[in-house]
Amino acid sequence: MGKKEVGTTITQHILSKQRENSEATGAFTILLNELVVAAKVISREVNKAGLVDILGATGTINVQNEEVQKLDLFANRIIIERLQHIGQLCCMCSEENADIIEIPARYPKGNYVVVFDPLDGSSNIDVNISIGTIFGIYKRPDCAPETEPLLGDILQPGMKQVAAGYFIYGSSTVMIYTTGNGSGVHGFTLYPSVGEFLLSHEDIKIPERGKIYSVNEGNYTYWDEKTRAMVDYFKTKDADTGRPYTSRYVGSLVADFHRNLLKGGIFMYPADKKDPKKPSGKLRLMVEANPLAFVVREAGGYASDGNGPILEIDPKELHQRTPLYIGSKKDVELAEAFISGKKNELCA
Ligand code: P6P
């Protein structure tokens, strides 16, 4: 038998997962496949951004009061256009849109809800640092697809996701996704010559403890004492616990998360006093923390807001922010012990 010419495509993999699930109707497969098409288009634009005049800001400001880069706008539009026509969604939520994105009346609707950050880390676009698209997929609580989508359809705890993942546009374009329930976390690398995402990282498991901590220490002055003590802990020399850890911080959540997923470690965006309007830090629960928390849990890791599991948070607002501690289970549990004040119990 000759060497496999192509390898396992993402479509083959999704279909094999669909066949394992007797209730699967193929709707989910259509949805994920359209997301893949959107990512291929975004990847092409990201990779030629340096050549074509789509760099630089549009001069507009998004709902997060951040300058919108042209590629942000482009990625947001592509994802909405690709998903709105497939007849599987009741609505969408994007980091770039203040309100729920409804499905135009001319298209049939379905019962899936997709939440996404179309291009996370966009401030790094101009300096050629890896950026990414983050997505989470929910089923709308049982109701007729044609009924008006309500905020309650989107504001579900992260544990209710039926799938989640991300695309990272870096030295190569990689898709990481999981459908939860022990199905594993799988990675696919885009082969531009084939135009397909091919299986490259099967059943990813994050090391139980890492040697890397990722945090913006420029915020040290804005942290409370527990947060400072926790970060100082990772920097203190102690041979028995493999400290000090190595510091790695890209400033692009998908890049920092992806490295830690493969190598082990902890990414932290603590609450801080830097911006009174963002006391919980700058990361968003629905479109950043929940999808990555769903992925890391399936890979054997953990994600906490410092007091408990991210996936158990009951969302109150579409764009609410949360402190985020995510990665190797033992490291995140340690961080949680510091922030929740249970550190002494842990060391008892
Ligand atoms: P800071 C990018 O803007 C982003 O939302 C995440 O991708 C990244 O982890 C974080 O902000 C970086 O924020 O405050 O350290 O620059």
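The structure under discussion appears in the preceding block.
Given the structure is predicted, the values throughout are model-derived calculations rather than measurements.

### Description of unusual backbone geometry
Inference 1: Cis rather than trans, the peptide bond between Arg 243 and Pro 244 has omega equal to 5 degrees.
Inference 2: Even without a glycine there, the phi angle at Asn 128 is positive, about 60 degrees.
Inference 3: Relative to the helices and strands, Asn 128 is located in the loop between strand 5 (112-120) and strand 6 (131-139).
Inference 4: By relative accessible area, which is 74% here, Asn 128 ends up exposed.
Inference 5: Of note, Asp 203 is a non-glycine position whose phi angle comes to about 50 degrees, a positive value.
Inference 6: Along the chain, Asp 203 falls in the loop between strand 10 (196-201) and strand 11 (212-214).

### Regarding the pairing of strand 13 (residues 266-269)
Where a strand is regular, its side chains alternate between the two sheet faces.
Inference 1: With burial as the criterion, each face of strand 13 is covered, one bearing Ile 266 and Met 268 and the other bearing Phe 267 and Tyr 269.
Inference 2: Where strand 11 meets strand 13, 2 bridges bridge the pair, whose relative direction is parallel. Residue pairing for strand 13: Tyr 213 is matched across the bridge by Ile 266.
Inference 3: Of the strand pairs in this sheet, strand 13 and strand 15 (residues 324-327) are connected by 4 bridges, and their pairing is antiparallel. Bridge pairing links Met 268 to Tyr 325 in strand 15.

### Thoughts on the packing of aromatic side chains
Inference 1: By the definition in use, this model includes 11 aromatic pairs.
Inference 2: Pairing Phe 167 with Phe 197 gives two aromatic rings, centres 5.8 Å apart and planes at 55 degrees, and the pair type is tilted. Here Phe 167 is found in strand 7 (residues 163-169), whereas its partner Phe 197 is found in strand 10, with 30 residues between them in sequence. The pair formed by Phe 167 and Phe 197 is uniform in burial state, with each residue classed as buried.
Inference 3: Consider the rings of Tyr 233 and Phe 234, whose centres lie 5.9 Å apart with planes at 75 degrees: the pair is edge-to-face. Side by side, Tyr 233 and Phe 234 carry an identical accessibility label, which is buried.
Inference 4: In this structure an aromatic cluster arises from ring pairing among Tyr 213, Tyr 233, Phe 234, Tyr 245 and Phe 338.
Inference 5: Seen from the ring of Tyr 112, Lys 139 lies directly overhead, with NZ or CZ sitting 4.7 Å from the centre.
Inference 6: Stacked on the ring of Tyr 302, the Lys or Arg Lys 329 has its end atom at 5.7 Å from the ring centre.

### Some details on the packing of helix 2 (residues 27-48) against helix 3 (residues 70-84)
Inference 1: In contact at an axis separation of 9 Å, helix 2 and helix 3 are set at 155 degrees when each is read in the N-to-C sense. As judged from the angle between their axes, helix 2 and helix 3 are roughly antiparallel. Crossing of helix 2 over helix 3 shows right-handed handedness. Residues Leu 31, Glu 34, Leu 35, Val 37, Ala 38, Val 41, Ile 42, Glu 45 and Val 46 of helix 2 touch helix 3, and the partners they reach there are Leu 71, Phe 74, Ala 75, Ile 78, Ile 79, Arg 82 and Leu 83.
Inference 2: A class-by-class count of the residues in the contact of helix 2 with helix 3 yields 13 nonpolar, no polar and 3 charged.

Cut-offs and rules
Residue positions are given per chain, counting from 1 as you read along its sequence in written order. Owing to the predicted nature of the model, reporting of local features is limited to residues with pLDDT of at least 70; listing and counting of side-chain atom pairs is limited to 80 or more, with chain, interface and lining totals taken over all residues. Side-chain measures here rest on the full set of heavy atoms in the structure, leaving out hydrogens and waters. Secondary structure elements follow DSSP: runs of H or I of four or more residues count as helices, runs of E of two or more count as strands, with numbering from the N terminus. Each residue gets one of three labels from its accessible area relative to the maximum for its type: buried under 20%, exposed over 50%, partly exposed in between, using a 1.4 Å probe on protein chains only. Here, strands pair whenever DSSP counts at least two bridges between them. Only rings of Phe, Tyr and Trp enter the pairing, Trp through its six-membered ring, and a pair is recorded when the two centres are within 6.5 Å. The plane angle decides the type: under 30 degrees is stacked, over 60 is edge-to-face, the rest tilted. Consider the ring centre and the ring normal. A charge sits over the ring if Lys NZ or Arg CZ is within 6 Å of that centre and within 35 degrees of that normal. As a rule, the C-alpha atoms of each element are fitted with a line to give its axis, helices using only the stretch in contact, and angles between N-to-C directions run from 0 to 180 degrees. Roughly parallel refers to an angle under 35 degrees, roughly antiparallel to one over 145, roughly perpendicular to one between 65 and 115, and oblique to any angle outside these ranges. For any helix crossing, the convention is left-handed if the near helix is rotated counterclockwise from the far helix by under a right angle, and right-handed if that rotation is clockwise. By definition, residues are in contact when any of their heavy atoms lie within 4.5 Å. Charged residues are taken to be Asp, Glu, Lys and Arg, nonpolar residues to be Ala, Val, Leu, Ile, Met, Phe, Trp, Tyr, Cys and Pro, and polar residues to be all remaining types, Gly included.

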